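Spelled out, the chains give:
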Amino acid sequence: MDSPWRRKMSHVVLTAFQQEKEVKLKSSPADLVTETDQRVEMILLSAIRSQYPQHRFIGEESVAAGERVELTDRPTWIIDPIDGTVNFVHR
């Protein structure tokens, strides 16, 4: 099923794939983050929250940026926006 969110994320990733990327290190030289990771995570979180407002989220990039994680009994989504960022950076 296609959705505006899926099209938006696809556009963000495909456009960024062809461009030079600003890459930042998180915890080690093998643990990278790009602006694309952060943008896709925000699109995903927004899309899922609109359908499931009571659910909780643990976003890889949000947590790496210092967002606090609180585990509860509520349904929780764990988001890894671009699985394989190192490969993505190297195209």
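Residues numbered from 1 in each chain as written. Predicted model: local features only at pLDDT ≥ 70, side-chain atom pairs only at ≥ 80, totals over all residues. Heavy atoms only, no water.

(A) Focus on the overall build of the protein chain. Each helix and strand in the protein chain was counted, giving 4 helices and 4 strands. Its helices and strands taken in sequence order, the protein chain reads α-β-β-α-β-α-β-α from the N to the C terminus. Projected onto its principal axes, the C-alpha positions of the protein chain cover 40 × 35 × 15 Å. For the protein chain, the residues scored as buried account for 29% of the 91 residues in total. (Helix = DSSP H or I, 4+ residues; strand = E, 2+ residues; numbered from the N terminus. Buried < 20%, exposed > 50% of the residue type's maximum accessible area, 1.4 Å probe, protein only.)

(B) Region of interest: the UniProt feature "binding site: Mg(2+)" (unreviewed entry) in the protein chain. Mapped onto this numbering, the UniProt entry gives "binding site: Mg(2+)" (unreviewed entry) at Glu60, Asp80, Ile82 and Asp83. Maximum C-alpha separation among the annotated residues is 10.1 Å over a sequence range of 24 residues, consistent with a single clustered spot. Position of Ile82 relative to the elements: it lies in the loop between strand 4 (76–79) and helix 4 (85–89). Setting aside residues no more than four positions away along its own chain, Ile82 makes contact with Val13, Thr36, Asp37 and Phe88. Inspection of the secondary structure puts Asp83 in the loop between strand 4 and helix 4. Its relative accessible area of 69% is what places Asp83 among the exposed residues. (UniProt positions renumbered as here; feature names shortened; annotations may be inferred. Contact = heavy atoms within 4.5 Å.)

(C) Fine view of the layout of surface pockets. One number sums up the size of the largest pocket: a volume of about 230 Å³. Broken down by element, the lining of the largest pocket gets its largest block of residues, 5 residues, from helix 2 (residues 35–51). Here the lining of the largest pocket is composed, by residue class, of 7 nonpolar, 3 polar and 1 charged. Every residue lining the second largest pocket is listed: His11, Val12, Thr15, Ala16, Gln19, Glu20, Lys21, Glu22, Thr34, Glu35, Thr36 and Arg39. Looking at the lining of the second largest pocket, the elements with two or more residues in it are helix 1 (4–17) and helix 2. (1 Å grid on protein atoms, 1.4 Å probe; cavity = no way out; pocket = protein on both sides within 12 Å on 5 of 7 lines; lining within 4 Å. Points joined across faces, edges and corners; volume = space filled by probe spheres on them. Nonpolar A, V, L, I, M, F, W, Y, C, P; charged D, E, K, R; others polar.)

(D) Spotlight on the confidence of the model for the protein chain. Across the protein chain, pLDDT averages 82, with 91% of residues at or above 70. Looking across the protein chain, the model is least confident in strand 1 (residues 23–25), with a mean pLDDT of 72, and most confident in strand 4, with 92. (pLDDT = per-residue confidence, 0-100.)

(E) Structural detail: the environment of Ile82. Relative accessible area serves as the criterion here: at 10%, Ile82 is assigned to the buried category. Spatially, the C-alpha atoms of Ile82 and Glu60 are 9.6 Å apart, while their sequence positions differ by 22 residues.

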